[in-house]
Every structure is written in structure tokens, then in C-alpha cells.
Amino acid sequence: MNIPLARLIDGIIATLRADVIPNVADSYARGQAVAVIDLLNNIAPRVEWSHATLVGRIADKRRLLDEVAALVPGLPVADVAAAGPDAAAAALAAEKAALDAVVGDVVAALWPRRGEPPCAEATRRIRAHLQDEMRAEMKITRKPLFAEIASGSGGAGA
């Protein structure tokens with residue numbers, strides 16, 4: 001969830017138009033691909049990332065930055081304005097991205113001092129946070145349909 005949802009949908013539509021539809025020989029299948037574009041165009045303004053997920057990730061990042069700042073005073077922990085839990089998903093995603101940038105700045109500042117005990121602990125906590133975040137992403141990511149994609153079949157797993 002690192003890019004805006006609208007950009008993701010626009011990318012899917014562009015790929016269908018530029019790479020898929022021109023290479024589909026069957027007119028029925030081409031029509032189905034165009035129907036998918038139509039569907040995406042109509043649902044795009046109506047969907048957004050899950051508020052609960054974004055609010056939770058933001059809280060986790062703020063907690064991490066507070067812990068790291070307490071361990072190693074003087075780190076470049078910039079203050080990121082809170083969008084608030086009732087903000088639109090785009091505002092929450094922007095807040096999360098800003099917090100990710102702060103985490104990156106903190107890592108850059110910690111890395112040369114990573115052997116010092118408080119910096120090593122701060123680095124360990126950041127690593128654990130990133131691993132937890134990746135595990136959460138993997139739980140909601142469906143397994144790819146490589147075999148079906150490669151064979152061109154549309155099995156029941158789709």
C-alpha cells in the first residue's frame with residue numbers, strides 16, 4: 001500500500017489498454033477486457049484503502065518513532081501532522097508516507113552508530129517494525145496465479 005489507490009487503478013487500466021487488449025485475438029475476450037476497464041473506471045472514485053489498516057499502521061509508526069527518540073535523543077524525528085482517524089484515506093496514506101520518510105531519515109542517522117548499544121536497540125526495533133509490517137502485508141496478499149497466467153487458462157482459483 002505504498003502508492004495511491006487511484007494511481008494503482010490507473011496503472012491497471014493503462015496496462016490493459018496498451019499491453020493486453022492489443023494482443024488479444026478473440027473479440028469476446030477483448031470485449032471482456034474493455035468491460036474490466038469500464039468497471040475499474042466506475043469503481044475507482046468509490047473505493048479507498050481501509051481506514052482501520054491505515055490508522056493502525058500510523059499508530060504503530062508513531063509509537064516506534066517515540067520509542068526510538070527516547071532511546072537515542074537528538075535523532076531527526078520530524079513532527080508529522082496528524083490527519084486524524086476520520087480523515088479521508090488519501091490524507092491518511094499521505095501521513096503514513098511522511099512517517100515512512102521520517103523512519104528512513106532515522107535509519108540514515110542511526111546507521112553509522114549502529115554498534116553503540118542504544119543505537120543498536122533502536123535499529124533492532126525499526127527492523128522488527130518493518131518485519132511486522134511486511135508480515136501484515138503478506139497476510140492480505142493473495143498467492144499469485146503464475147501457473148494460470150503462464151498457461152493462459154482461467155482456472156477456478158481466479
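Structural data are supplied above this passage.
Residues numbered from 1 in each chain as written. Predicted model: local features only at pLDDT ≥ 70, side-chain atom pairs only at ≥ 80, totals over all residues. Heavy atoms only, no water.

Chemist: Which parts of the structure should I look at to understand the side chain of Thr123?
Modeler: Within the secondary structure layout, Thr123 lies in helix 5 (residues 117–140). Every residue in contact with Thr123, bar those within four places of it in the chain, is listed here: Leu110 and Arg114. (Helix = DSSP H or I, 4+ residues; strand = E, 2+ residues; numbered from the N terminus. Contact = heavy atoms within 4.5 Å.)

Chemist: Looking at this structure, I do not really get helix 4 (residues 89–110). What am I missing?
Modeler: Quick reminder: α-helices carry 3.6 residues per turn. Residues three or four places apart thus point the same way. Between its first and last C-alpha, helix 4 extends 31 Å over 22 residues, near the 32 Å set by a 1.5 Å rise per residue. Residues Ala89, Leu92, Glu95, Lys96, Leu99, Val102, Val103, Val106 and Leu110 constitute the buried set of helix 4. In an axial view of helix 4, the angular spread of the buried residues amounts to 135 degrees, which keeps them on one side of the axis. Turned more than 90 degrees from where helix 4 packs its buried face, Ala90 and Ala108 sit exposed. Tucked inside the fold, the buried residues of helix 4 contact helix 3 (51–71) and helix 5. (Expected span 1.5 Å × (residues − 1). Buried < 20%, exposed > 50% of the residue type's maximum accessible area, 1.4 Å probe, protein only. Arc of directions from axis to C-beta.)

Chemist: Hey, could you run me through the nonpolar core in this one?
Modeler: Generally speaking, a soluble globular protein has its nonpolar side chains buried in company with each other. Formed by 19 residues in total, the largest nonpolar core has its most connected members in Leu65, Val68, Val72, Leu75, Val106, Leu110 and Ile126. Mapped onto this core, the elements with two or more residues apiece are helix 3, helix 4 and helix 5. Top contributing element to this core by residue count: helix 4, with seven residues. Aside from chain neighbours lying at most four places away, what touches Ile126 is Leu64, Val68, Val103, Val106, Val107 and Leu110. (Core = buried A, V, L, I, M, F, W, Y, C linked by side-chain atoms within 4.5 Å.)

Chemist: Quick question: what am I supposed to make of the packing of helix 4 against helix 5 here?
Modeler: How two helices sit against one another is set out by the angle between their axes and by the gap between those axes. Look at helix 4 against helix 5: their axes get within 10 Å of each other, and the N-to-C directions meet at 145 degrees. Relative to helix 5, the crossing made by helix 4 is left-handed. For the pair helix 4 and helix 5, contact is made by Lys96, Val103, Val106, Val107 and Leu110 and by Cys119, Ala122, Thr123, Ile126 and Glu133, respectively. Split by residue class, the contact of helix 4 with helix 5 holds seven nonpolar, one polar and two charged. (Axes fitted to C-alpha atoms, helices over the stretch in contact; angles between N-to-C directions. Left-handed = near helix turned anticlockwise from the far one by under 90°. Nonpolar A, V, L, I, M, F, W, Y, C, P; charged D, E, K, R; others polar.)

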